[in-house]
Amino acid sequence: MAIKHKRPFTIVRGGKLLDIAKRKAVPADILIKGDTIAEIGRPGLAAPAGATVIDAKHRLMHPGLINAHTHSPGNLAKGLHDRWSLELLLTASQWAHIDYSLEDKYLSAQIGAAEMVMKGCTAAYDLAAEFPLPSVEGLSAMAQAYEDVGMRCMLAPLVADISFFEAIPGLMERLPPRLRMEVESFKQAPWKVTTKQMRRALQKWPFEMVQLALAPTIPFHCSDDFLIACRDLAKEYDVGIQSHVSESKVEAVAGYQIYGTSLTTHMDKMGLVNERFTVAHGVWLDDDDMKRLGDRGASVAHNPGSNMRLGSGIADVRGMLDHKINVGIGTDGANCSDNQNMYEATRLASLVSKVRGPDWQRWLGTEEALLAATEGGARALGLHKQIGKVAPGYKADIVFLDLHHINWIPTNDPVNGVVHSEDGSGVHSVMIGGRLIVENRKILTVDLPKLASRAAASKARRAPLTGPAKKLYLQLEKVVGTFCPGLAKEPLHIHRYGASHHAH
């Protein structure tokens, strides 16, 4: 399937193109001009003389999966810890990401991008944190990593002006004086300084495949002045916003304690909720929240694996769809999902909907799950006119699955197969913008042994600091790990845990 010479036209012949709506794989040839699909037709489709030919025999072709929510700095913290809730994960941020150099930021993004493309994902919404504030240099390093791999990205600086310990009502007061002094070092930069940095990045952004968005991390981790500044900056530069809203019950309860309303209601009052706004997770959204989001044309990035991994609960995706919310699917960061496998995330989205109750007609169907992982993700990224479909006028972002792989023997309903049978091991090749990034199961843009060596060197360099940071985390865990579950046991008018009643 090699493209040996860059030519203006490429013709893909002999493959079967997935028709999600009809649940069929139809023999089709695809003519590509530059990075864009020019025409799709029956086998034997005419192509200009000299067009590069790609033989897709025994391949199922589907749109590149789109990761609606991830965090590239988490890739160097893959598999770091086992049992932690969202609040314990936030407590561990210093341990997980301590002393990241520019090279580490590039490296962590490169690891995630390489894993995603090798597993059929061609674009991602990356909420990337730098401490204590974002930098043009750091954002550029991460963007360069994506471009070097050859992957699309909507890169959003993950920002706050209130630390986790200051944000959760009553938590700082519960800390012993010594630990209270320790977490003073976790303070975020003032919002005006952070806003200035984001504006600098937006003013002169040189990257083509990587675009910028904004990510006020959690509503009450940002002052209202900061939320307004993010709103205004997004409007001025016409970029999207993604924020973690009602991810955990602790978040939902804290929101009511701070604002007297749900987090979604507060964000809407601040003027942030519109068609360019994406809620990350949204596990603890209620019907009023969902109606508000649907009426505004907003999106939710559903992260079923992370929601289970962190014990956050089971999101009501059927309720979201009923309220006309656009739903995408995400993996979340590798420090809280431990991989960047969009096939797994899509499968989990289907499966976890089925444990919400016995009404099977309200379960998420495989067609709905796959559309969320493609078209829904594209809309969340604001790129729905360019990616998410294999169709004329769209970018040539195509995954080629090997129909002779055991995952596809036999092949029955191909939509069920992509969602429930495929796990990434059947990916033969991946094209992004008409260029093969993965071919015959080998990534062409990354030297994996060198990547492993650089990751090991980064870990070794940071080891003198990660040891003390882990020790501090384990001390803080004793307080956060009792205080926050207490908040989670406060009464709330909705229930999103897997058990009918969680232990008191």
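This text goes with the structure placed above it.
Since we're looking at a predicted model, the values are computed, not measured.

Colleague: So what exactly am I meant to see when it comes to the overall build of the protein chain here?
Modeller: Counting its regular elements, the protein chain contains 18 helices and 18 strands. Computed over the C-alpha atoms, the radius of gyration of the protein chain is 22 Å, within 12% of the 23 Å expected from 2.2 N^0.38 for a compact globule of 504 residues. Within the span of the protein chain, comprising 504 residues, buried residues form 58% of the whole. The long-range fraction of contacts in the protein chain, counting pairs at least 24 apart against all pairs at least 6 apart in sequence, stands at 78%. On the protein chain, roughly 20300 Å² of surface is accessible, and the fraction owed to carbon and sulfur atoms is 54%. In the protein chain, the 58 positive side-chain charges and the 54 negative ones have mean positions that sit 3 Å from each other.

Colleague: What am I meant to see in unusual backbone geometry here?
Modeller: It is generally the case that most residues other than glycine have a negative phi and that most peptide bonds are trans. Of the consecutive residues Phe 131 and Pro 132, the connecting peptide bond is found in the cis state with omega at 5°. A cis amide bond links Ile 409 to the next residue, Pro 410, at an omega of -5°. In this structure, Arg 23 takes a positive phi of about 55° despite not being glycine. Structurally, Arg 23 can be placed in the loop between β1 (9–19) and β2 (24–33).

Colleague: Would you mind going over the sheet that holds strand β13 (residues 299–302) with me for this structure?
Modeller: For sheets, the rule is that strands pair by backbone hydrogen bonds, running either parallel or antiparallel. The four strands lie next to each other as β11-β12-β13-β14, forming an open sheet whose pairing is parallel. Strand pairing shows two members of the sheet lacking a second neighbour, β11 (241–245) and β14 (326–329), which therefore form its edges. On average, adjacent strands in this sheet sit at an angle of 30° to one another, irrespective of strand direction.

Colleague: What am I meant to see in the nonpolar core here?
Modeller: Side chains that are nonpolar tend, in soluble globular proteins, to be buried together. If you look at the biggest cluster of nonpolar residues, it comprises 130 residues, and the most contacted ones within it are Met 151, Leu 155, Phe 165, Phe 277, Leu 293 and Met 320. Ignoring anything within four residues of it in the chain, the contact list for Met 320 reads His 281, Gly 282, Leu 285, Met 290, Val 300, Ala 315, Ile 325 and Val 327. Judged by nonpolar contacts, the second largest core, of 15 residues, contains Val 12, Leu 17, Ile 32 and Ala 396.

Colleague: For this particular structure, what's the right way to read the environment of Asn 67?
Modeller: Within the element layout of this structure, Asn 67 appears in strand β6 (residues 65–70). In this structure, Asn 67 is in contact with Met 116, Cys 121, Ala 123, Ala 124, Tyr 125, Ile 329, Gly 330, Thr 331, Gln 340, Met 342 and Leu 381, ignoring residues within four places of it in sequence. Engagement of the side chain of Asn 67 in a polar contact is seen with the backbone nitrogen of His 69, the distance being 3.2 Å. A distance of 2.8 Å separates a polar atom in the side chain of Asn 67 from a polar atom in the side chain of Thr 331.

Colleague: Would you mind going over the packing of aromatic side chains with me for this structure?
Modeller: To describe a pair of aromatic rings, one takes the distance between the centres and the angle between the planes. For the structure shown, the criterion picks out eight aromatic pairs. Measuring from centroid to centroid gives 6.0 Å for Trp 84 and Trp 95, while their planes differ by 75°, and the two rings are edge-to-face. Of this pair, Trp 84 sits in the loop between β6 and α1 (86–91) while Trp 95 sits in helix α2 (residues 93–97), placing them eleven residues apart in sequence. When sorted by exposure, Trp 84 lands in the same class as Trp 95, which is buried. For the ring pair Trp 95 and Tyr 473, a centre distance of 5.4 Å and an interplane angle of 35° mean the geometry is tilted. One end of the pair, Trp 95, is in helix α2; the other, Tyr 473, is in helix α18 (residues 448–488), with 378 residues separating them in the sequence. Note on Tyr 473: relative accessible area 1%, which makes it buried. Through successive ring pairs, a cluster of aromatic residues spans Trp 84, Trp 95 and Tyr 473.

Colleague: How should the side chain of Asp 316 be read in this particular structure?
Modeller: For Asp 316, the position within the fold is in the loop between α13 (304–309) and α14 (317–322). Engagement of the side chain of Asp 316 in a polar contact is seen with the backbone nitrogen of Gly 319, the distance being 2.9 Å.

Colleague: Which parts of the structure should I look at to understand helix α15 (residues 342–353)?
Modeller: Counting along an α-helix, one turn takes 3.6 residues, and residues three or four places apart therefore face a common direction. Under the 1.5 Å per step criterion, the end-to-end length of α15 is 17 Å for twelve residues, consistent within 8% with the ideal 16 Å. Taking the backbone nitrogen of Tyr 343 as reference, a side-chain oxygen 3.0 Å away marks Asn 341 as the first, capping residue of α15.

Colleague: Explain the side chain of Ser 353 to me, please; I cannot follow it from the model alone.
Modeller: Within the secondary structure layout, Ser 353 lies in helix α15. Relative accessible area serves as the criterion here: at 11%, Ser 353 is assigned to the buried category. Polar side-chain contacts of Ser 353 include one of 2.7 Å to the backbone oxygen of Ser 350. With residues near it in sequence (within four places) discarded, Ser 353 still touches Trp 363 and Leu 364.

Colleague: Before we go on, may I ask you to explain the pairing of β6 in this structure?
Modeller: Residues in a regular strand point their side chains to alternate faces of the sheet. Of all six residues making up β6, six are buried, and the element is well covered by its neighbours. Note: β6 against strand β7 (residues 121–129), four bridges, orientation parallel. Residue pairing for β7: Thr 70 is matched across the bridge by Asp 126.

Colleague: Any chance you could explain the pattern of salt bridges here in plain terms?
Modeller: Opposite charge on two side chains lets them pair, provided their charged atoms get close. A full pass over the atoms with the stated rule returns 24 salt bridges. Between Arg 13 and Asp 29 there is a salt bridge whose closest N-O contact spans 2.7 Å. Within this pair, whereas Arg 13 is found in strand β1, its partner Asp 29 is found in strand β2, the two being separated by 16 residues in sequence. Residue classification places Arg 13 among the partly exposed positions, given a relative accessible area of 25%. Here Asp 29 falls in the buried class, since its relative accessible area comes to 2%. Between Asp 413 and Arg 23 there is a salt bridge; the shortest N-O distance is 2.7 Å. Placement of Asp 413 in the loop between β15 (398–402) and α17 (414–421) and of Arg 23 in the loop between β1 and β2 is noted, with a sequence separation of 390 residues between them.

Colleague: Can you walk me through the packing of α15 against helix α16 (residues 366–381) in this structure?
Modeller: Axes are the key here: two packed helices are described by the angle between their axes and the distance separating the axes. Here α15 crosses α16 at 140°, and the two axes come no closer than 9 Å. By the angle between their axes, α15 is oblique relative to α16. In this structure, α15 meets α16 at a crossing whose hand is right-handed. Facing α15, whose interface residues are Met 342, Thr 346 and Ser 350, α16 presents Thr 366, Ala 369, Leu 370 and Ala 373. Here the contact of α15 with α16 is built from residues that sort into four nonpolar, three polar and no charged.

Definitions and limits used
Residues numbered from 1 in each chain as written. Predicted model: local features only at pLDDT ≥ 70, side-chain atom pairs only at ≥ 80, totals over all residues. Heavy atoms only, no water. Helix = DSSP H or I, 4+ residues; strand = E, 2+ residues; numbered from the N terminus. Rg over C-alpha atoms; globule rule 2.2 N^0.38 Å. Buried < 20%, exposed > 50% of the residue type's maximum accessible area, 1.4 Å probe, protein only. Contact = heavy atoms within 4.5 Å. Areas by Shrake-Rupley, 256 points an atom, 1.4 Å probe, with all protein chains shown as cover. Lys, Arg positive; Asp, Glu negative; His and termini not counted. Charge placed at Lys NZ, Arg CZ, Asp CG, Glu CD. Pairing = 2+ DSSP bridges. Axes fitted to C-alpha atoms, helices over the stretch in contact; angles between N-to-C directions. Core = buried A, V, L, I, M, F, W, Y, C linked by side-chain atoms within 4.5 Å. Polar contact = N/O pair within 3.5 Å; in protein donor to acceptor, adjacent residues only side chain to side chain. Phe/Tyr/Trp six-rings, centres within 6.5 Å; stacked < 30°, edge-to-face > 60°. Expected span 1.5 Å × (residues − 1). Salt bridge = Lys/Arg side-chain N within 4 Å of Asp/Glu carboxyl O. Parallel < 35°, antiparallel > 145°, perpendicular 65-115°, else oblique. Left-handed = near helix turned anticlockwise from the far one by under 90°. Nonpolar A, V, L, I, M, F, W, Y, C, P; charged D, E, K, R; others polar.

Interpretation in functional terms is not warranted from these geometric data alone.
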